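Here is how the chains run, residue by residue.
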Amino acid sequence: MKLPKYYRFLFIVLGVMSIAPWAIIPMSSTTISWLASAIIIIFNIRYYRNDRKKENFRPFDQCLLIVYFTWLFINVVRGALYYTENNYWIWKQLVEGTLTLMLPCWMYVLTDARNSHLLLRKWMKWGLLLFIPLSVIVTRDSWHFYLGPILFLGCFLFNLPKKWMLVIGGLMAAMCVIDLGARTQVLMSAVVFVVALAYRLKRIIPIWLMKLGHISFYLIGITLLYLGLSGEFNIFEEVFEGNKGKYYSEEKVVDDRIVKEDLADDTRTFIYKEVIRSAVLHDYVVFGRTPARGNDSRQFGDDFAIDLKTGLYERHSNELLHTNVFTWLGLVGLVLYSMFYIRASFLAVYRSRSFALKLLGCFVAFHWLYGWVEDFNRFDINNFTIWLYISICMSEQFRKMSDKEFLVWLKSTLGKKQ
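Small disclaimer: the values here were computed from a predicted structure and weren't measured.

## As for a nonpolar patch on the surface
Argument step 1. On the surface, Phe73, Ile74, Val77, Leu81 and Tyr82 cluster together to form a nonpolar patch covering roughly 540 Å² of accessible area.
Argument step 2. Looking at the secondary structure, you find leucine 81 in helix α3 (residues 59–82).
Argument step 3. We classify leucine 81 as exposed; its relative accessible area is 61%.

In structure tokens, the structure reads:
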């Protein structure tokens, strides 16, 4: 089943809508964004149902998807029945949360190398061209929300044709320096440079080191989470507070005042405190509060309770990926969601032929770790790229490729006939 033209067009529309919230001129439309997302989701599910062979999924992976979407459906129904109370804003939150939690459906399409190729090639032809005018009307700290596919291709930067190496390398370098206050944009671009260098030096990097790196990302995440929850060690306080006042980004205008942004500001500890306190207080630790509701928030609750006149001092979503999944789907949903990362990275590192897939498997494990820091989840082009990593690692078709075959596929997305 081939991806229709309207699907590829909506993919480009989704990319533009992804960066619209950071535009300095009005260009966002909730209706258009929801419609594009909904049509893509429906097609992805329909595509999977019509794929009789399902050759890119092992039985365990199919069961994992079924269990996850069943749990999501139960929570959507819970949210609609018990929380909405004919309130427009809560209904809106339910829709937005549901669309966000449907991100794993990208795997239905992206595990097929032909589909991944078509979408990447479409974006490199039109999406990259659109970035030229978009870069002028959006804030500089938001570029990575649109340039996710560039970061994917950047993982193999030094193996691309020279023309594309200069274009992609230039965009990545720009993201590293154009706004130091955009810590995720800077960090992710720098990490991708390291991944590209590792692939270039693949002949001297032992496989055991890849396996060690893979398991280390998960162990580090679990260990730091345990230490933080137990109160023994808070990495955000240790790293950020210890360097507070030492490093500043460039000056910015905020509320008609010129201020310096402290790069060492701890903007995460209070989020964890609010999310955990809310879950314990309202007893939704295990099963979640459904996508219709957020966590209690003193910091941001006024926006929802007073400005929108809901009376609920809540924040529907935070910058941290895993805290959102935990709030909406509870520990059950968080484990299921994490299993996609764990399963994909394991298959890539231990069950693939190419070094490229093993490297991507480690990168998926890194994204799971970084999900405790940021990786804000929305149905947008940036998260499409994260699920592209996961889908490629999960795919039998990609895992059977050699490094040479994978690079041929990769270069063909740039328009080179191979």
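## What to know about the packing of α3 against helix α15 (residues 321–350)
Argument step 1. Here α3 crosses α15 at 160°, and the two axes come no closer than 10 Å. Looking at the two axes, α3 sits roughly antiparallel to α15. Pair α3 / α15 crosses with left-handed handedness. Along its contact with α3, which presents Phe60, Asp61, Leu64, Leu65, Val67, Tyr68, Trp71, Leu72 and Asn75, the element α15 presents Trp328, Leu329, Val332, Gly333, Leu336, Tyr337, Met339, Phe340, Arg343 and Leu347.
Argument step 2. In terms of residue class, the contact of α3 with α15 is built from 15 nonpolar, two polar and two charged.

## Structural notes on the packing of helix α9 (residues 162–177) against helix α10 (residues 183–200)
Argument step 1. Direction vectors running N to C along α9 and α10 enclose 140°, while the axes themselves pass 7 Å from each other. Looking at the two axes, α9 sits oblique to α10. Crossing handedness for the pair α9 and α10: left-handed. Each of Gly169, Met172, Ala173, Met175 and Cys176 in α9 lies in contact with α10, whose residues at this interface are Gln185, Val186, Ser189, Ala190, Val192 and Phe193.

## What to know about the nonpolar core
Note on soluble globular proteins: their nonpolar side chains tend to be buried together.
Argument step 1. Residues Trp106, Trp123, Phe152 and Phe406 are the most contacted members of the largest nonpolar core, which totals 121 residues.
Argument step 2. When residues no more than four places from it in sequence are discounted, the contact partners of tryptophan 123 are Phe11, Ile12, Leu128, Tyr146, Leu147, Pro149, Ile150 and Ile381.

Definitions and cut-offs
- Throughout, residues of each chain are indexed from 1 in the direction in which the sequence is written.
- Local features are withheld for residues below a pLDDT of 70 in this predicted model, meaning they are given only at 70 or higher, and side-chain atom pairs are given and counted only at 80 or more; totals for whole chains, interfaces and linings count all residues.
- Side-chain descriptors were evaluated using all non-hydrogen atoms of the structure, hydrogens and water having been removed beforehand.
- For patches, a residue must show more than 30% relative accessible area and have no salt bridge; joins then use 9 Å for like charges and 5 Å for nonpolar side chains, namely Val, Leu, Ile, Met, Phe, Trp and Tyr.
- Accessibility throughout is a Shrake-Rupley quantity obtained with a 1.4 Å probe, and a residue counts as covered only by protein chains that appear here.
- We define a salt bridge as a side-chain nitrogen of Lys or Arg found within 4 Å of a carboxyl oxygen belonging to Asp or Glu.
- Secondary structure follows DSSP: runs of H or I at least 4 residues long count as helices, runs of E at least 2 residues long count as strands, and numbering of each begins at the N terminus.
- Exposure is judged per residue with a 1.4 Å probe applied to protein chains only, and the accessible area is read against the type maximum: over 50% gives exposed, under 20% gives buried, and values in between give partly exposed.
- Each axis is a line fitted through C-alpha atoms, taken for helices only over the stretch in contact, and angles between the N-to-C directions span 0 to 180 degrees.
- Between 65 and 115 degrees an angle is taken as roughly perpendicular, under 35 as roughly parallel, over 145 as roughly antiparallel, and anywhere else as oblique.
- Here a crossing is called left-handed whenever its near helix is offset anticlockwise from the far helix by less than a right angle, and right-handed whenever the offset is clockwise.
- Residues are treated as being in contact if the distance between any of their heavy atoms lies within 4.5 Å.
- Three categories are distinguished: nonpolar for Ala, Val, Leu, Ile, Met, Phe, Trp, Tyr, Cys and Pro, charged for Asp, Glu, Lys and Arg, and polar for the others, with Gly belonging to the last.
- Here, nonpolar core refers to any group of buried Ala, Val, Leu, Ile, Met, Phe, Trp, Tyr and Cys residues whose side-chain atoms link them within 4.5 Å.

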